[in-house]
Amino acid sequence: MSKRFLYIISLAVLLIVLSIIVVNQLLLYWGRQLLQGEIHRELNREVTFELLDSAHIGLERYKQKHGYYPEIEGKYFFDSIKTEIGKLNCYVYADSIIISDSLRMGDDNRFKTYDYKKIGHTYLGVRHSQQYITYKRIGNGYKLYSIGENEIDENGEGDDVVYELWMRLK
């Protein structure tokens, strides 16, 4: 075999390997875009609606039991209603949890198993702890909404998902 033939074969193999790497990277990129795109947004939207619905049920059960809605507003309202609704383990977050005499904070707890009904400062999060459900009393009623994708509490405005709006669309 001549050197030229070996050179051409080596170059062809190198081009094939580089092509495979480029195609693989493009597929990974498009896959991430798809997950972060419409399909992922729709899944988050469905989870948000389910959590808002569960919170609504908890608030109504609380009112039936006590005659009024919880006085604790903001994201920690969940502490008032968590015994009124079923298990929501993977969507419940806590700012701090004591596990084996050590304090752990925030998202570090998302994969820990703990009984959230026995601890305080718990709240519902859609994708992670920064995209939480919040509650505000308004007269004899309330406003219930989820912080949107921008993770900024806009009091039910902007990209926040408001429960009443969802109820009208359903």
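Given the structure is predicted, the values throughout are model-derived calculations rather than measurements.

What counts as what
- Residues take numbers from 1 onward in each chain, read along the sequence in its written order.
- Local features are withheld for residues below a pLDDT of 70 in this predicted model, meaning they are given only at 70 or higher, and side-chain atom pairs are given and counted only at 80 or more; totals for whole chains, interfaces and linings count all residues.
- Hydrogens and waters are ignored; side-chain quantities use all the structure's heavy atoms.
- Starting at the N terminus, helices and strands are each numbered in turn, a helix being any DSSP run of H or I of at least four residues and a strand any DSSP run of E of at least two.
- The classification of residues rests on relative accessible area computed with a 1.4 Å probe and restricted to protein chains. Under 20% of the type maximum is buried, over 50% is exposed, and intermediate values are partly exposed.
- Per-residue and other accessible areas follow the Shrake-Rupley method at a 1.4 Å probe size, with only the shown protein chains counted as cover for residues.
- When DSSP locates at least two bridges between a pair of strands, those strands are taken to pair.
- Residues qualify for a patch when their relative accessible area is over 30% and they have no salt bridge, like charges being joined within 9 Å and the nonpolar side chains of Val, Leu, Ile, Met, Phe, Trp and Tyr within 5 Å.
- Definition used for salt bridges: Asp or Glu carboxyl oxygen within 4 Å of a side-chain nitrogen of Lys or Arg.

Student: I'd like a rundown of the overall build of the protein, residues and numbers included.
Tutor: Within the protein, the secondary structure is distributed over four helices and seven strands. The linear arrangement of helices and strands in the protein, starting from the amino end, is α-α-α-β-β-β-β-β-β-β-α. Classification of the 170 residues of the protein by burial places 31% in the buried group. Element-wise, carbon and sulfur atoms account for 58% of the exposed surface of the protein, whose accessible area totals about 11,300 Å².

Student: Describe the sheet that holds strand β5 (residues 133-138), with residues and values.
Tutor: One open sheet holds the three strands; their spatial order is β5-β6-β7, and the pairing between them is antiparallel. Single-partner strands in this sheet number two, and they are β5 and β7 (161-162). Pairing of β5 with strand β6 (residues 141-146), which is carried by six bridges, proceeds in the antiparallel orientation. Looking across to β6, one finds that Thr-134 is bridged to Tyr-145.

Student: Give me a nonpolar patch on the surface: which residues, what numbers.
Tutor: Side chains of Phe-5, Leu-6, Tyr-7, Ile-8, Ile-9, Leu-11, Val-13, Leu-14, Leu-15, Val-17, Leu-18 and Ile-21 sit close together on the surface and give an oily, nonpolar patch of about 1,100 Å² of accessible area. Considering the arrangement of structural elements, one finds Val-17 in helix α1 (residues 3-36). Using a relative accessible area of 40% as the deciding quantity, one classes Val-17 as partly exposed.

Student: Any details on the environment of Ser-129? Residues and values, ideally.
Tutor: Looking at the secondary structure, you find Ser-129 in the loop between β4 (122-124) and β5. For Ser-129, a relative accessible area of 3% translates into the label buried.

Student: Any chance you could break down the pattern of salt bridges for me, citing the residues and the numbers?
Tutor: Within the structure shown, the criterion is met by two salt bridges. For Lys-65, the salt bridge goes to Glu-84, with nearest N and O atoms at 3.0 Å. Of this pair, Lys-65 sits in helix α2 (residues 38-66) while Glu-84 is found in the loop between α3 (78-81) and β1 (92-94), placing the two residues 19 residues apart along the sequence. Classification of Glu-84 by relative accessible area gives buried; the value is 11%. Lys-82 is the salt-bridge partner of Asp-79, the closest N and O atoms lying 3.1 Å from each other. What makes Asp-79 partly exposed here is its relative accessible area of 24%.

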